[in-house]
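# Tertiary structure, described
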Amino acid sequence: MLTVFRWLLRLTIGLIVLAVLASLLTWYFAVRSLPDYDASYQVEGIGAPVEIVRSTEDVPHIFGETDADVFFALGLAHAQDRLFQMTMLRRAAQGRLAEVMGPQALPADDLARRLGLYRNAQASLQAQDAPTREALNAYAAGVNQWIGIVNDGAMGRGAPEFFLFPDVITYWTPTDSLAILKLIAAGATGAATDEIMRARLSLADPEHGPEILARPGLPVGLPAYASLFADARLSLPENRAGPESAPEAMGYLAPGPQLGGNAFGASPERTAADGTLLAVDLHGGLTAPSLYYLARLQLQNGGVIGATIPGMPVIFAGRSPTLSWALSPAAVDDSDIAIEEVQPGNPDRYRGVGGWTDFATRTETIRVLDDAPRSITLRETANGPVVPSLAPGLRDVTPIGHVPALRWTGLSRKDASMTALIGVMRAATTRDAQDALAHMTAPAMNAMLADRRGVTHLLAGAIPQRSDNHPTGGAMPSPGWLADGAWGGTTSLAGTPIEGRNGVGIATEEPGGNAMRQGRLTRLLQDREIHSRDSFIAAQLDVVSPAARTLLPLVGADLWFTEDPAAPGTPERQRQDALALMAEWDGAMSEHLPEPLIYSAWMAALQDRLIRDEIGPLADDLTRLQPGFIEAVFRNRGGASRWCDIVQSAATEDCTTIARQALDRAILDLSARFGPDVESWRWGDQHQARHVHPGLGRTPALGWIVNINQSVSGGDFTVARSGSVGHGDDPFLAGDGANFRGVFDLADPDSSVFITSTGQSGHPLSRHYDDLAGLWRRGEYVTMSLDPELARAAAAGITRLTPKG
């Protein structure tokens, strides 16, 4: 027995030693990929020495003799800090994620291949002007130079994630940058997914279903969706409504409006220092690292500083000494779904405007990690590519014997949007920037431009030309064989001005419920006669929910203080306590308060109770609160209070009864999670911002290391957007928010500030991986100066590049 014990002890000690050695070896190889910001390199591709001066926040300030040298260094800096992120974005655009992620990535790859993102990017390269192609080539050379440095110096493959993914890091090309822009465009439009949901609602409740998504600007008198296919050879399938998951591009993008932003500005006469002010926050899914990366470039026409996306030599929001700008996706209807009838007995032909027509087809193979390759047949019609997996629920609105095709401005093969974006970055005046935006196609952009004279708000991009006789006006899918449903081409929005009010301009990214956000911003800006940088920061960080201020007085009108006092510990007392708290609440979605949690749970339960009896399981897919719909119900607009009556019951319920039942349901659910004391609940306990690593974030154990979690204030409709995921066991988790915030003051440009949601580095072991996350959560910023002497004086490291030979 003693001998056995000794051998067990030796075995245990040996295993511990092996575990320690394995951990040390893992640590050694992981830290090898941390870049040395004080290193000097001899490189090919530049004509003169270049300096990359790193601030204490790891923001690179790049100084070179030519623009090409500066873009080269930007590519190198992006690759130093975000190489894994860049390669994942490229794979997402190419439809090659399954090669490193396995079968779970097949839906995303299938969609990217069908949309032809990479093919269209290749074709669009020749549409760029010569300076843009030069910038793209120089940027790609810089990325490739860093890959070469990593390989030559055995620097841990450039990022620790590459040890876990069998990824061969191929060299960067200009097409890769264009493809990522196409991917961004795909994640910035929600028009097609809205069409699909309206059609599903029409099938579930032909008379009233689409009211749930009603908003200003939609065509009036939409037909019942089923009536559009009354002459189809086969009838529509039964509505297969229910929760479905959308294909995700590794946590960055998914069908629907994932990217957007707010921007607002004030002319000099409305500012304390007589200088134009501009504020911007760019929204997206919360990832670690953030989608955006801060950088300063010293171009030949002056310095520029702001938010870039790794993979592209573009500053989307930033400033130069004379101009500041904010480019964020605009809420325009830039896509349609065309339902194509397949010829019976011949799946290679479809019904076109002039009769049966052959599909344009090709076959591609998707390689899958640890699995057999998948061959997919890609089909295209005169309307666009066939996309059966575009979004959840699309199969529900596709008749048997039909397939859906996508019309979208982003399918252009002559897309010069990169030329437009780089042109804005090089612009010296608002007029120059406006001229550059004439080249924009997709995504359509809200462009807020500010110079010393004032603020200009423009739309840029392409929108479809629809017939006045379009069957649905673009609000729902339509038969693809109808001539009236076809587009007559596209129209450029460039030069389309949007007038501000009293020297103030405001741009928000989404229609519908977020008109409330724009209304809140308008009030904040118009209530002050004179603004400063600090007042703009306060407006940008505002967490008061205009939806709560609108809905609570309506929903609770007949519930406030209407019951006799109840005994402590009873459900009735809980309801009274909750109502008493909300009667005193100002609508601030603070993470430290119970009221936002009660309100959010109440409104979610109320919306579900209003619609589930009419539309059934489809209610599970309406994951976002529709405040305009709830307001219409409780104001009884057009008889909308009929939604309060539960159709399956014999009694006729009124809206007060439904509101009380919904509140009781919400309190019961919250009590089960947080205990019976209403006043002890906190919004931040449930509303956690979870910045998920796109490759490792869902991996057990590793997710705990690479994800960043923190409680945050705000909500879906606050100016400081912090959108809830709306489904699952934790529906109020913050799934998206401001990836970048900036406030630019042209009266004192070096006092301008910006911040991203995580940190500059994508390396989980870098101190710059999450060093900005705490500042972002607390509403703090870092300064964005263009003073080269200040940058060098406060440098945390200087990387020096010299021409080889």
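Scroll up a little and you will see the structure.
The sections below set out a description of the structure shown in this document.

Cut-offs and rules
Residues numbered from 1 in each chain as written. Predicted model: local features only at pLDDT ≥ 70, side-chain atom pairs only at ≥ 80, totals over all residues. Heavy atoms only, no water. Helix = DSSP H or I, 4+ residues; strand = E, 2+ residues; numbered from the N terminus. Rg over C-alpha atoms; globule rule 2.2 N^0.38 Å. Buried < 20%, exposed > 50% of the residue type's maximum accessible area, 1.4 Å probe, protein only. Contact = heavy atoms within 4.5 Å. Areas by Shrake-Rupley, 256 points an atom, 1.4 Å probe, with all protein chains shown as cover. Pairing = 2+ DSSP bridges. Axes fitted to C-alpha atoms, helices over the stretch in contact; angles between N-to-C directions. Disulfide = S-S within 2.5 Å. Salt bridge = Lys/Arg side-chain N within 4 Å of Asp/Glu carboxyl O. Expected span 1.5 Å × (residues − 1). Parallel < 35°, antiparallel > 145°, perpendicular 65-115°, else oblique. Nonpolar A, V, L, I, M, F, W, Y, C, P; charged D, E, K, R; others polar.

## Quick look at the overall build of the chain
- A count of helical and extended segments in the chain gives 21 helices and 29 strands.
- Computed over the C-alpha atoms, the radius of gyration of the chain is 27 Å, within 12% of the 28 Å expected from 2.2 N^0.38 for a compact globule of 805 residues.
- Here the C-alpha coordinates of the chain stretch approximately 85 × 85 × 70 Å along the principal axes.
- Considering the chain as a whole, with its 805 residues, one finds that 59% of them fall into the buried category.
- Within the chain, residue pairs in contact and separated by at least 24 positions form 71% of the contacts whose partners lie at least 6 positions apart.
- Taken as a whole, the chain presents about 31,000 Å² of accessible surface, with 53% of it coming from carbon and sulfur.

## With respect to the sheet that holds strand β21 (residues 496–497)
- Spatially, β1-β29-β2-β3-β6-β7-β8-β9-β16-β17-β21 is the arrangement adopted by the eleven strands of the open sheet, whose pairing is mixed. One side of each edge strand has no neighbouring strand; the edge strands of this open sheet are β1 (40–43) and β21.
- Judged from the seven bridges that link them, strand β16 (residues 445–451) and strand β17 (residues 454–460) form a sheet pairing that is antiparallel. Across the sheet, residue Leu449 finds its bridge partner in β17, namely Thr456.
- Sitting on the sheet, helix α9 (residues 417–426) is in contact with β6 (293–299), β7 (302–308), β8 (315–319), β9 (324–329) and β16, with an inclination near 160° to β9.

## Focus: the state of the cysteines
- The full count for this structure, using the stated rule, is one disulfide.
- The disulfide partner of Cys644 is Cys655, and the S-S distance across this bridge is 2.0 Å. Its torsion about the S-S bond being 95°, the disulfide of Cys644 and Cys655 is classed as right-handed. With a gap of eleven residues between them, Cys644 in the loop between α16 (627–635) and α17 (655–674) and Cys655 in helix α17 connect regions that are remote in the sequence.

## Some remarks on the pattern of salt bridges
- Overall, the coordinates contain 42 salt bridges when judged by the stated rule.
- Where Arg362 meets Glu364, a salt bridge forms, and the shortest distance between an N and an O atom there is 3.4 Å.
- What makes Arg362 partly exposed here is its relative accessible area of 28%.
- Salt bridges sharing common partners tie together Arg91, Arg96, Glu99 and Arg367.

## Points about helix α8 (residues 191–204)
- Between its terminal C-alpha atoms α8 stretches 20 Å, which fits the 20 Å expected from 14 residues at 1.5 Å a residue.
- Counting buried positions along α8 yields eleven of 14 residues, so the element is predominantly enclosed.
- Taken as a whole, α8 has its buried residues at Ala191, Ala192, Thr193, Glu195, Ile196, Met197, Arg198, Ala199, Arg200, Leu201 and Ser202.
- Buried positions along α8 lie against β10 (335–341), β15 (402–408) and α15 (595–615).

## Thoughts on the packing of helix α6 (residues 130–153) against helix α7 (residues 174–186)
- With their axes 8 Å apart at the nearest point, α6 and α7 run at an angle of 105° to one another. Between α6 and α7, the interaxial angle falls into the category roughly perpendicular. On α7, the residues touching Leu136, Asn137, Tyr139 and Ala140 of α6 are Pro174, Ser177 and Leu178.
- Class assignment of the residues belonging to the contact of α6 with α7 gives a composition of five nonpolar, two polar and no charged.

## Focus: the sheet that holds strand β19 (residues 478–479)
- Here we have three strands laid out as an open sheet, ordered β15-β10-β19, and mixed in their pairing. Of all the strands in the sheet, the pair left with one neighbour each is β15 and β19.
- Alignment of β10 against β19, held across two bridges, turns out to be parallel. What sits directly across from Ala338, in β19, is Ser478.

## Notes on unusual backbone geometry
- Residue Pro289 is bonded to the preceding Ala288 through a cis peptide linkage, with omega at 5°.
- Along the chain, the position of Pro289 falls in the loop between β5 (277–285) and β6.
- Omega for the peptide link from Ala442 to Pro443 comes to 0°, which places this bond in the cis form.
- Here Pro443 is to be found in the loop between α10 (430–436) and β16.
- Even without a glycine there, the phi angle at Asp274 is positive, about 60°.
- Mapped onto the fold, Asp274 is located in the loop between β4 (260–266) and β5.
- Backbone geometry places Asn636, a non-glycine residue, at a positive phi of 55°.

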